[in-house]
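Inside the fold
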Amino acid sequence: ECASQIRRLAEELPLFDFVPGVSSPEEYGRYMIQASGRFDYDDHLDPYYDYAQYGQDRIMVEEGRFVDSGYVSYQGSLALEQLMNDGSKELQGVMEMR
């Protein structure tokens with residue numbers, strides 16, 4: 001909504017995960033199981049992996065979103081709305097001190 005929120009997001013960028021080129025729960029599940037480094041992927045077991053279900057489960061837990069260029073999720077401890085409001089309050093306090 002404003003420049004202070006953009007600045008706040010930029011400061012907190014390390015708290016966001018971005019997976020480029022992913023556009024569905026199945027693609028996200030495949031990325032997580034095969035390429036994220038979080039699991040020891042075994043290609044012999046590939047027919048048994050339910051990528052779509054795992055991807056959907058992760059999306060629900062992470063509250064992630066698909067965007068035009070991939071998948072984005074926020075990994076911070078504050079709610080995203082609170083993060084944005086805190087940034088606005090912080091800037092407002094600086095302005096009041098002037």
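Please refer to the structure placed before this passage.
Predicted, not measured: the structure shown is a model, and the values here were computed from it.

The rules we used
- Residues numbered from 1 in each chain as written.
- Predicted model: local features only at pLDDT ≥ 70, side-chain atom pairs only at ≥ 80, totals over all residues.
- Heavy atoms only, no water.
- Axes fitted to C-alpha atoms, helices over the stretch in contact; angles between N-to-C directions.
- Helix = DSSP H or I, 4+ residues; strand = E, 2+ residues; numbered from the N terminus.
- Parallel < 35°, antiparallel > 145°, perpendicular 65-115°, else oblique.
- Contact = heavy atoms within 4.5 Å.
- Nonpolar A, V, L, I, M, F, W, Y, C, P; charged D, E, K, R; others polar.
- Buried < 20%, exposed > 50% of the residue type's maximum accessible area, 1.4 Å probe, protein only.
- Pairing = 2+ DSSP bridges.

1. A look at the packing of helix H2 (residues 25-35) against helix H3 (residues 51-62)
The contact between H2 and H3 brings their axes to 7 Å, and the two run at 90°. One element, H2, and the other, H3, form an angle in the roughly perpendicular class. In this structure, H2 uses Pro-25, Glu-26, Tyr-28, Gly-29, Arg-30, Met-32, Ile-33 and Gln-34 to contact H3, whose residues at the interface are Tyr-51, Ala-52, Tyr-54, Gly-55, Gln-56, Arg-58, Ile-59 and Glu-62. For the contact of H2 with H3, a count of residues per class yields 8 nonpolar, 4 polar and 4 charged.

2. Overview of unusual backbone geometry
Even without being a glycine, Glu-63 presents a positive backbone phi close to 55°. Considering the arrangement of structural elements, one finds Glu-63 in the loop between H3 and strand S2 (65-67). Exposure remark for Glu-63: the relative accessible area of 61% places this residue in the exposed category.

3. A word on the pairing of strand S3 (residues 70-74)
Of all 5 residues making up S3, 4 are buried, and the element is well covered by its neighbours. Examined bridge by bridge, strand S1 (residues 16-20) and S3 share 5 bridges and lie antiparallel to one another. Bridge pairing links Phe-18 to Val-72 in S3. Where S2 and S3 come together, 3 bridges link them in antiparallel fashion. Bridged to Phe-66 within S3 is Tyr-71. Counting the residues that bridge the hairpin from S2 to S3 gives 2 residues.

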